[in-house]
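Listed below are the residues making up each chain.
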Amino acid sequence: MGECPTIKFSAAVREEALSWNRDLLADPVHGAREEYDLRLRVSQLDPVLVAYLPRWERSWKLLDVGSGPLTTLGTVVAGHGVGVTATDLYGAEYAAIMDELGLVPPVRPVGCSGEDLIERFGCSTFDLVHCGNALDHCENPLVVLNNMLGVAKPGANVIVWCWENEGKASGYKVMHQWDLSLEGRLVFLSRSADPVFRCNLIEQFAPRLTCWEILTKEGYYGRRKVMFRFEKWCG
């Protein structure tokens, strides 16, 4: 494994991402309408994530990395509100679009890339860190994973999911620049286009973990969702 390359996004990629999300926010279509309506309402946190909140804490602080304009994280657990911070590379632009459209989300996105998390929030800040369907959109996923562990408190969980081999399926176009895949109980980050790269994420981050777990399940139309959990070492 060589050093993980950084894939710099062009201005055209930025404009395409903003245009696509503006259109969805203005007039969600097909299955997106129900999902966007749900994200615009205060909702319960997914029980899968609730199970990994620290029991010794009650004023939980959660971070959603690569949230897009509307985070999927609910803001209520057992009738109590939880603090959710949603970050995205284009978070400030998404917030401005929602202001123009008169949309008031439960969590307003913050403009921050995954590569800048520690600089923005400091170390050991959050009780749970989540990244859903976004790690393959990062310029440097290894830096982002490292920073997600950095901003997590000792003993806290980092939970990530992506569609398997999304970069390859998309021809490494627009923001889909990376692949996550499973081989047995190992998770690999890779890229088969130039520059080629492959890394065993379990091996890469094991020294910083108390434990790790594969949570992968089948998704839509036979596509597999690669989902894993890293528990940050308490030392």
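See the structure above.
Residues numbered from 1 in each chain as written. Predicted model: local features only at pLDDT ≥ 70, side-chain atom pairs only at ≥ 80, totals over all residues. Heavy atoms only, no water.

A. The overall build of the chain, seen in detail. Secondary structure assignment for the chain yields 8 helices and 13 strands. Against the compact-globule benchmark of 18 Å for 235 residues, the chain has a radius of gyration of 17 Å, which places it among compact chains. Dimensions of the chain along its principal axes, counting C-alpha atoms only, are 45 × 45 × 35 Å. Within the span of the chain, comprising 235 residues, buried residues form 51% of the whole. (Helix = DSSP H or I, 4+ residues; strand = E, 2+ residues; numbered from the N terminus. Rg over C-alpha atoms; globule rule 2.2 N^0.38 Å. Buried < 20%, exposed > 50% of the residue type's maximum accessible area, 1.4 Å probe, protein only.)

B. Molecular detail of helix 4 (residues 91–101). Looking at helix 4, one finds that the buried residues are Gly 91, Tyr 94, Ala 95, Ile 97 and Met 98. The arc that holds the buried residues of helix 4, viewed along the axis, is 160 degrees, so those residues lie on one side. Those residues of helix 4 that are buried lie in contact with helix 1 (11–26), strand 4 (83–88) and strand 5 (110–111). Once helix 4 finishes, Gly 102 follows within two positions and takes phi at roughly 75 degrees, a positive value. (Arc of directions from axis to C-beta. Contact = heavy atoms within 4.5 Å.)

C. Region of interest: the pattern of salt bridges. Under the criterion given, the structure shown has 11 salt bridges. Residue Glu 15 is joined to Arg 14 by a salt bridge in which the shortest nitrogen-to-oxygen separation is 2.4 Å. Here Glu 15 falls in the partly exposed class, since its relative accessible area comes to 43%. By relative accessible area, which is 29% here, Arg 14 ends up partly exposed. The partner of Arg 224 in a salt bridge is Glu 164, with the nearest N and O atoms 2.8 Å apart. One end of the pair, Arg 224, is in strand 13 (residues 224–232); the other, Glu 164, is in the loop between strand 7 (152–163) and helix 7 (166–169), and 60 residues separate them in sequence. Through salt bridges with shared partners, a single ionic network connects Arg 14, Glu 15 and Glu 93. (Salt bridge = Lys/Arg side-chain N within 4 Å of Asp/Glu carboxyl O.)

D. Layout of the sheet that holds strand 9 (residues 186–191). Read across the open sheet, the 3 strands follow the order 8-9-10; overall the sheet is antiparallel. The sheet is open, and its two borders are formed by strand 8 (179–183) and strand 10 (197–200), each paired with just one other strand. Across the sheet, the axes of successive neighbouring strands diverge by a mean angle of 25 degrees, strand direction being ignored. By the bridge criterion, 5 bridges tie strand 8 to strand 9 in an arrangement that is antiparallel. Looking across to strand 9, one finds that Asp 179 is bridged to Ser 190. (Pairing = 2+ DSSP bridges. Axes fitted to C-alpha atoms, helices over the stretch in contact; angles between N-to-C directions.)

E. Representation of the state of the cysteines. Enumeration over the complete set of coordinates arrives at 0 disulfides. No disulfide involves Cys 4; its nearest neighbouring cysteine sulfur is the one of Cys 199, lying 7.5 Å away. Accessibility expressed as a relative area gives 9% for Cys 4, which makes it buried. In this structure Cys 162 is not part of a disulfide, and its nearest cysteine sulfur, from Cys 131, lies 6.1 Å away. (Disulfide = S-S within 2.5 Å.)

F. Focus on unusual backbone geometry. Cis geometry is adopted by the peptide bond preceding Pro 195, which originates at Asp 194 and carries an omega value of 0 degrees. Even without a glycine there, the phi angle at Asn 133 is positive, about 55 degrees. Its place among the elements puts Asn 133 in the loop between strand 6 (126–132) and helix 6 (141–151). Note on Asn 133: relative accessible area 26%, which makes it partly exposed. For Val 174, which is not a glycine, the phi torsion comes out positive at approximately 55 degrees. With respect to the helices and strands, the residue Val 174 is situated in the loop between helix 7 and strand 8. By relative accessible area, Val 174 is classed as partly exposed at 30%.

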